[in-house]
Amino acid sequence: EVYNKDYETVIVLGAVMKYDEKLGDWAFPDVIEEYVGRLVMGNYRAMAAAVFHEHAQKLLVTGGSDTHPYTGEKCSRSGELIKRIKQYSVPEDKLVDIGKTGASHTKGNLENTIAYLEQNIASFKERVLGILSPTFQARRAEMMYRDTSWLKQKNFGINMLLIEDILAQHDPRLEKKFEDL
């Protein structure tokens, strides 16, 4: 089964974030009403990455950017998601920020993943990537990654790792929460 396997690399697909006035910092709520897709599940991505990190040599964290509401500065989604993952005691040397400012969608995440893999191809022996994603994003992400000619040419396989499955296995009480989302 894909969840009991060890991976050289697991890709953590980034999430839209929202500036939280009360915290004075970025947050990853489950739902962002003004976001087109509404459902984002950002904190759950961080939790699942933390639960699953022992099955991965590296966690590649993707994501684009959001604009700070006061400064207008572009803020890195992948950088903020890495901060959340580290709060769950994941070692920093396991986390690789591959996010880029303009990559605020799955296609951009894929392009950044390939750029990283191209630069580090010699370190891959097994060539199976785990892709950690919420269910709502998984089908599209899987299709895009599987259809990429570079990954096919280099014989990379893909296993989708659903955050809901990882977290419900870790804490069965979360299953009801996911059903409600």
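Data block above holds the structure.
Reading the values: rules and limits
- Residues numbered from 1 in each chain as written.
- Predicted model: local features only at pLDDT ≥ 70, side-chain atom pairs only at ≥ 80, totals over all residues.
- Heavy atoms only, no water.
- Phe/Tyr/Trp six-rings, centres within 6.5 Å; stacked < 30°, edge-to-face > 60°.
- Buried < 20%, exposed > 50% of the residue type's maximum accessible area, 1.4 Å probe, protein only.
- Lys NZ or Arg CZ within 6 Å of the ring centre and 35° of its normal.
- Helix = DSSP H or I, 4+ residues; strand = E, 2+ residues; numbered from the N terminus.
- Contact = heavy atoms within 4.5 Å.
- Expected span 1.5 Å × (residues − 1).
- Pairing = 2+ DSSP bridges.

### Concerning the packing of aromatic side chains
- What the rule picks out here adds up to 5 aromatic pairs.
- Seen from their ring centres, Y19 and W26 are 5.5 Å apart, and the 85° between their planes marks the pair as edge-to-face. W26 carries the same exposure label as Y19, and that label is buried.
- Summarising the aromatic geometry, the rings of W150 and F156 are spaced 5.8 Å apart at their centres and angled 20° between planes, so their arrangement reads as stacked. The burial state of W150 is the same as that of F156; both residues are buried.
- Here a set of aromatic residues connected by ring pairs shows up, and it is made of Y19, W26 and Y70.
- Positioned above the aromatic ring of Y7 is the side chain of K5, whose terminal nitrogen or guanidinium carbon lies 5.2 Å from the ring centre.

### Topic: the environment of V61
- Turning to its location among the elements, V61 is positioned in strand 4 (residues 56–61).
- Residues V61 and Q153, spaced 92 residues apart in sequence, show a C-alpha to C-alpha distance of 23 Å.
- Ignoring sequence-local partners within four residues, the contact set of V61 consists of V12, S78, L81, I82, I85, L95, V96, D97, I98 and G99.

### As for helix 3 (residues 106–120)
- Spanning 15 residues, helix 3 covers 21 Å between terminal C-alpha atoms, matching the ideal 21 Å at 1.5 Å per step.
- Of the residues making up helix 3, those classed as buried are T106, G108, N109, L110, N112, T113, I114, Y116 and L117.
- Looking at the buried side of helix 3, the elements it contacts are strand 1 (7–12), strand 4, strand 7 (95–97), strand 8 (128–133), helix 4 (135–146) and helix 5 (149–153).

### So, the pairing of strand 9 (residues 157–162)
- In terms of residue burial, strand 9 counts as a mostly covered element, since 5 of its 6 residues are buried.
- As paired strands, strand 8 and strand 9 are joined by 6 bridges and run parallel to one another. Residue V128 lies in a different strand from strand 9, and its bridge partner there is G157.

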